[in-house]
Every structure is written in structure tokens, then in C-alpha cells.
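Summary of the model geometry
Residues per chain are reported as follows:
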Amino acid sequence: MMKLTMMLPEDCVPFANDAADVVRVFTGPLDMLINTPGGDMTLEVSESEENGTRHLTVKQGAYLSSHDAPVLSDHLDNKRLHKRQLKLSVYDCMKALTGRTPPWGSLTGIRPTRLMYMAMERGLSAGEAAREMTELFDVSGEKADLLREIIDVQSGVDRPGEKDVDIYIGIPFCTTRCAYCSFLSGEVGKGKQLAPYTEALTEEIRGTIALIGEKGLRPRAFYMGGGTPTSLPAPLLERVMEEAMPLISRCAEVTVEAGRPDTIDEEKLRILKDCGVSRISINPQTMHDETLRTIGRRHTRQQCEDAYALARKLDFHHINMDLIAGLPGEDLEMFEQTLAWSRGLAPESLTVHTLSIKHSSLLHLWEAKLPDGDMVAQMVRTGAQEAHARGMRPYYLYRQKYMAGNLENVGYALPGHACVYNIDMMEETGNIIALGAGGISKRLFPPRGHIERAPNVSDVGHYMARVDEMLQRKRDLWEKTDEAGAPDKEENE
Ligand code: SF4
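Report on the accompanying structure. Source: prediction; values computed, not measured. (Residues numbered from 1 in each chain as written. Predicted model: local features only at pLDDT ≥ 70, side-chain atom pairs only at ≥ 80, totals over all residues. Heavy atoms only, no water.)

1. A word on the sheet that holds strand S2 (residues 30-34)
Picture the strands of a sheet paired through backbone hydrogen bonds; they go either parallel or antiparallel. In plain terms, the rule: In this analysis, strands are considered paired if DSSP registers two or more bridges between them. Runs of E in the DSSP output that reach at least two residues are strands. Runs of H or I that reach at least four are helices, and both are numbered from the N terminus. Under this scheme, a helix contributes an axis fitted over its contacting stretch, all axes are lines through C-alpha atoms, and angles between N-to-C directions fall in the 0 to 180 degree range. The contact criterion used is simple: two residues touch if any of their non-hydrogen atoms lie within 4.5 Å.
The 5 strands are arranged S2-S1-S3-S4-S5 in an open sheet whose pairing can be described as mixed. One side of each edge strand has no neighbouring strand; the edge strands of this open sheet are S2 and strand S5 (63-70). For this sheet the average axis-to-axis angle between neighbouring strands, irrespective of direction, equals 20°. As defined by bridge partners, strand S3 (residues 41-50) adjoins strand S4 (residues 53-60) across 7 bridges and the pair is classed as antiparallel. When the bridges of S4 are listed, Glu-49 appears paired with Arg-54. Contacts from helix H1 (residues 16-27) reach strand S1 (2-7), S2 and S3 within the one sheet, and its direction differs from that of S2 by about 145°.

In C-alpha cells form, the structure reads like this:
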């Protein structure tokens, strides 16, 4: 892997990872050395201050870029601006060096829509906020328009109230592990953890129901994900669902990810239907069996078609489909074939992901087979055109590190089918109580938007042994008062 040396003044060191993320947009995965010579590429950062203005310069060989910014008296605001100044200078330098303009400009954060909302909170219209994204961060017009459309769609969905809470339950098991998986997910076949995990989870569900009652909270959306919840055998799936019924029955939207077509059968779908599940996800990712084998998913296109037929037979009226652009060995034509095939299955919502590879060993293994960034961008564009042609509009978006072409994941939905949980979770506009290993509960303190979190442990064994402690963490979170918290602003740039 490429090694980057960052030569940084002392007060820029805390921003080294942020600056390296900008470099990764241009280079892909890299290791970083701070103030230690020997990298394959060296960025030298220098700065000076004069009359309340900080002048920051980044140099790489013959390439030089600089940004000025005022030195602010508020420590937090000053830190944010300083970090932005460094990131923008690194961005300009890398852009000049490579001659490339990434679609999201200098942005490396997960939630670019949050930046739009923050600009609108300052009084800008959506159009002005979109223009600011381009002027400040060099976001392309295409992506700025996408953000604008998402915000328009989200304006039609009620915001959660102070007492509203979404419920997330994580089932961290899958039949096999996808090669690119970055989630907490163990293979079902590897252990005997399913039954004890279910027991621990039901204990956490009971404690959560009591907490919600005591605090007068209102369940709004229920989401069971993972992993693949339908990897659980039917009796265990039923046990979890029945235990959660006091929560489910109060939610207007109930989603269960049935992601792997090979985990779905009639008995499980009937359990979900009987428990009031309104939305399921069946995710082929691609229609090409050879690609499915390459990425470690042990199901076929035919199994996916059968799963959709079964779900329709059982009257599921909202099925989401996840597809991935940029899979190894696929080109634009193959992605178009997948889109055309998916049209026949008529999902009510479609999420177009861009392949994100965090493991460098995998990247190395697949390198020769991966489509280049321009082709992936074309796939993503074709996915958007297809969704619009079906009457869908984009309703949420997020970005990850190491995405092919430095692109994004976008959820599209037919009118009235935007997933409320996805919006709440991505925009961080409401409370979330998360159960199961790796779940992160979030409490929002209005009006400032300060967020406090209570994470569950990720390790399944530790979770089962410490479920009482996980419950106590949630209790503590809901006992807290809003003290010196400030809105979470930083991660979005
Ligand atoms: S289905 Fe999802 S959670 Fe399961 S292994 Fe694949 S990527 Fe990971």
C-alpha cells in the first residue's frame, strides 16, 4: 500500500487523519506517516499568522496551494475552520497534482445532506445551500442537485418529535460473509450462538420496553437489520418478533432486512407478515451468478426471483432492493442488465450502493477486475436514471470511505415509500434505541442538536454476558441532561 508522509506543524497534527482522507480520495487506500520522512509521497504543511489571519500552505514537489482563514476566539469554531483550511489546501494540491476533480470535491464525511441542512439553518434557501456546496467544497453540480432533490423529498416526511424514538435491533449473523463486508456479522454455521444470542436479545427487548414506558417515549419506526435477521431459524425469529410486539405494534413503519434470498422461506415470511412487518429488503446486489460467487454470496439470481415471488404471494407491498455498482468483473453493460432484470421484480424502493472496499488484501486480489472510477460513476448515473424512469426519487444518501470512484450510496423510493428509519438515522434528527451486539443508541438534545451516544459492545460473546450492562447504558443515556454539548458538525465535511 502507498505510504504518505505528512509533515505538519504541531497544531495541525490532530487533523492529520482528516487530511489523509482527502488524499485517499485521489489515491485510494494508503498508510500515513506523520512528521517521519520515507513515504512514497510527502505533503509539507506550513502556516503563519498575521493580523488575526492564519495562512496555511501545502506543498507537494512543485505543487503548492494555500488558504487563508481568520483566527476565531471560539475554540471549537476555530478548530473546525482550521481543519477545513487544511483539508481544502490538501485538496487543491492533490487536484493540481493529479488533474482530477472528484465528484464530491473535498468532502470526505458520511452525511453531506447535513451540511445542506446546516446552511439552510443559517437562512440559505436550498438552491443557495447547493451553490455553497459547490463554491466552498468543489462539489459537482450533479451531486449538489442530488442533495437538493433529497432535501426536497425529505421535506415531505414528518420530522421526529422530542419524545419519538426509532427502534433498531441487530442480528449479527449471515449465511456466509460477503467478501467486502464491513459490518459486524458472523457466519451462522460457525457456532451455536444463535439461541443464546436470541435469549440475551429478548432480555434487552424487555428492559427497553420498560425504559420506553418509564420515559414516556413514542416508538416511531422499527428496523431489524444486521447481518441478516432471516438467517435466524424460524422459531428464533418468531421469538424475537413476538417479544418486540409491544414496540412493533406502536410503530407506523416496521422494516426487517431479509437481505440474503437464500435465507427466505414461506414460514419466515409468514412470521414477519403476522407480526405486522410493512417493509422488507431482499437484496440481490447483482443478477450475475458468477459475480455472486466471486463476492462470496451463496445465492443465485433464480433464488432471488423466487424470494420476490414468495413475498408478493404473501402480500408484502413494500420490498426494497439493494444493488451494488462497481462489483469485480462487472462493466456498465452488466450493471444495466441487472437494472433491467430488477425492473421485472418491481421493488418499491431501490438502493444503489457503490462498492466500498476497506480491506487492502481484497483490493489487491480484485484489482485487475474492478471497473474504473469513471465507469462506476456511469453505473451510478444509470441507476439514478432508471430509478427516475420508474417514478422513484432519491430520499437518503450516505458516503463511506474507500468507495469506488469516490461516489455515494443513494436510496430511491416510489412516492410514499421513503423509509422513515433510514432518513432519521442518516440525518440524525431523532432518538434511536439500538439493541443487540454493536447497536449504538443515540439521544438528540434539541434545540441545539447535540447528540449523545450509548454503544453496545460489538463482540457477540461479550454482549450475551453483559446484556444487563447494555441496558444500564441506555438507562444512563436517558437520565442525562444536556450540558455543554454542541451540535455534531465536524464529521460531515
Ligand atoms: S449480507 Fe451484509 S452483513 Fe451479511 S455478510 Fe454480506 S455485507 Fe455483511
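2. Structural notes on the site of the ligand
Threshold: Only a single heavy atom is needed: when it lies within 4 Å of a molecule or strand, its residue is near that molecule or strand. Residues were grouped as follows: Ala, Val, Leu, Ile, Met, Phe, Trp, Tyr, Cys and Pro as nonpolar; Asp, Glu, Lys and Arg as charged; and all remaining residues, including Gly, as polar.
Among the 12 residues in the neighbourhood of the ligand, the closest are listed as Cys-174, Cys-178, Cys-181, Gly-227 and Arg-260. Of the residues assigned to the shell around the ligand, the class counts are 5 nonpolar, 4 polar and 3 charged.

3. Comments concerning the side chain of Ser-281
Cut-off, in case you're wondering: Counted as a polar contact is a pair of N or O atoms within 3.5 Å, where, for protein atoms, one must be capable of donating a hydrogen and the other of accepting one, and residues adjacent in sequence contribute only when both atoms are in side chains.
Within the fold, Ser-281 resides in strand S11 (residues 279-281). At 2.8 Å, the side chain of Ser-281 and the side chain of Asn-320 are in polar contact.

4. Concerning the state of the cysteines
Threshold: Note that a disulfide, as used here, is simply two cysteine sulfur atoms within 2.5 Å. When a residue's accessible area, from a 1.4 Å probe over protein chains only, is under 20% of the maximum for its type it is buried; when over 50% it is exposed; and in between it is partly exposed.
This model, assessed by the stated rule, comprises 0 disulfides. Counting only cysteine sulfurs, Cys-419 is the nearest neighbor of Cys-251, a cysteine outside any disulfide, at a range of 11 Å. For Cys-304, which is in no disulfide, the shortest distance to another cysteine sulfur is to Cys-178 and amounts to 13 Å. Accessibility expressed as a relative area gives 0% for Cys-304, which makes it buried.

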